[in-house]
Amino acid sequence: MIDFSKFNNIISLTSYFNSEETCKQTIIESRWNNGDVVCPYCGNHDCVERTDGRFRCKSCRKNFSCLVGTIFENTKLPLIKWFIAMYLISSHKKGVSSYQLSRDINVTQSTAWYMLQKIRLLYPQSDADTFDGTVECDEVYIGGKEKWKHKSMRTPHTQGRSTKTKTPVFGMMERSVFINEKGKEESISYVHAFVVDKTDKATLQPIIEQFVMKGTRVITDELNAYNGLSKLGYTHAIVNHGAQEYAYEDIFTNSIEGFWSHFRRMILGCYHDVSDEHLQQYIDEAVFRWNTRKMNASERFAHMFTMSIGVIKTWDDIKVGLMCA
Ligand SMILES: [Zn+2]
C-alpha cells in the first residue's frame, strides 16, 4: 500500500506519479485491497487482467478499467493532471481558480473548470456526521451590496433578512477538542453549511434535527426561527446581538463567524462572483477545507484521493484519525 505521507509537496507528488502506469497501479491497490479486483458492475471478486491493462469479470463478463466508478472515469487527461489538481485544491487555503489551474497543469480554462466541479463533488456533506456537545448555529445572507456583512453590522432597514436579492446560508459548528501530537488538548471545530430558501423555523429546525444530536447545547442568536429548540430536546442558549451582547462566558457564535469570513476570503480571493446555482458546491469546498484544516498537505491529499476512488470517509473517521495521530 502506498505511503501518502511522503507527498508533502508537489515535487514529491509528481516525481512519484511519473507515469500513467504508476497512477493506475496506485488506484488499483488503494481501491481494491492490494489488488483484489472487484467488478464494479456486479461485485464479483473473480476478475482477470486483460492484456490491455483492463479487467474482465468472470461472472457478468463485463470489461472495465480501474477508473470505472471513480471521478476519473472516461477522462482523456493524464491522471497526473487530476492528482496535481486535487493536490492544489486541497493544499491552497483559499482554493484554486479555473484560470490558475489551467495555467498550472496546461489545460484549457473550461477543462480546468470542469475538473474543479468534479472534484467538488467529492465532498458533499452527509448527515452521517452528526454534531453533539456544543453547537453554534448562524445564518449569513449572500448577494446584494451589503453582501457578507453580518446581519448585526448592516445599516438598519436597508437590507435586513430580505431574501429578495440575497441567498441565505445556514451553518452549524460543533466545538470540539482533540489530542495533538504532543499529547495536549487542542480545540477544533467542524462545520455543516447549506443554502436555504428561507431562514424560518420550518426550514432551519428540521436541518438542526438532521445534523445535531438531541441533548446538544445549541447556541443561536435571537432569530424567531430558533424558538422552541428546547422542546425538541436541545439545551438552547441565546446570544442577543441586538443588545450588543456578543459573548457571555462561552455563549457566543463567534466561532462560526470565523468560518463565514474564511468562506468570504475564499470567494473574494479566488472565485469572485459565484452564481446561486453553484453556491452550494463552493460552500461544500469551504466546509471541506475548514474541517480538514488541522491536517497537513499529505493527509488532506490522501483523504481526497480516497474519496476520488469511491471510498467515502466521514468527518467522524477523520476525528478518530486526528485523535489517534
Ligand atoms: Zn461483474
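The structure displayed is predicted, hence computed values, not measured ones.

Caption draft 1: Summary view of the sheet that holds strand S2 (residues 55-57). Overall, antiparallel pairing links the three strands, which are arranged S1-S2-S3 in an open sheet. The open sheet has two edge strands with one neighbour each: strand S1 (47-49) and strand S3 (63-64).

Caption draft 2: Focus on the side chain of His 236. The residue His 236 is located in strand S8 (residues 235-238) in this model. Polar contacts involving the side chain of His 236 include one to the side chain of Thr 220, which spans 2.8 Å. Contact partners of His 236, with chain neighbours within four places excluded, come to Val 218, Thr 220, Tyr 226, Leu 229 and Ser 230.

Caption draft 3: Structural context of the pattern of salt bridges. Scanning the entire structure with this criterion turns up eight salt bridges. The residue Lys 294 makes a salt bridge to Glu 186 at a minimum N-O spacing of 2.9 Å. Here Lys 294 is found in the loop between helix H8 (276-291) and helix H9 (297-308), whereas its partner Glu 186 is found in strand S6 (residues 185-195), with 108 residues between them in sequence. By relative accessible area, Lys 294 is classed as partly exposed at 30%. Two residues, Glu 209 and Lys 214, come together in a salt bridge whose shortest N-O distance is 3.0 Å. Taking relative accessible area as the criterion, Lys 214 reaches 48% and is therefore assigned partly exposed. A single salt-bridge network, built from bridges that share partners, covers Glu 136, Arg 175, Arg 217 and Asp 250.

Caption draft 4: Summary view of the nonpolar core. With 46 residues, the main nonpolar core has Ile 27, Phe 64, Phe 72, Phe 83, Met 86, Ile 119 and Phe 301 as its most contacted residues. Counting only elements with at least two residues in this core, the list comes to helix H2 (20-31), S2, helix H3 (79-91), helix H4 (98-105), helix H5 (109-120) and H9. When neighbours within four sequence positions are excluded, Ile 119 is seen to be in contact with Ile 71, Trp 82, Ala 85, Met 86, Ile 89 and Met 304. Grouped together as the second largest cluster of nonpolar side chains are 21 residues, Phe 131, Val 135, Val 218 and Leu 223 included.

Cut-off values and rules
Residues numbered from 1 in each chain as written. Predicted model: local features only at pLDDT ≥ 70, side-chain atom pairs only at ≥ 80, totals over all residues. Heavy atoms only, no water. Pairing = 2+ DSSP bridges. Helix = DSSP H or I, 4+ residues; strand = E, 2+ residues; numbered from the N terminus. Polar contact = N/O pair within 3.5 Å; in protein donor to acceptor, adjacent residues only side chain to side chain. Contact = heavy atoms within 4.5 Å. Salt bridge = Lys/Arg side-chain N within 4 Å of Asp/Glu carboxyl O. Buried < 20%, exposed > 50% of the residue type's maximum accessible area, 1.4 Å probe, protein only. Core = buried A, V, L, I, M, F, W, Y, C linked by side-chain atoms within 4.5 Å.

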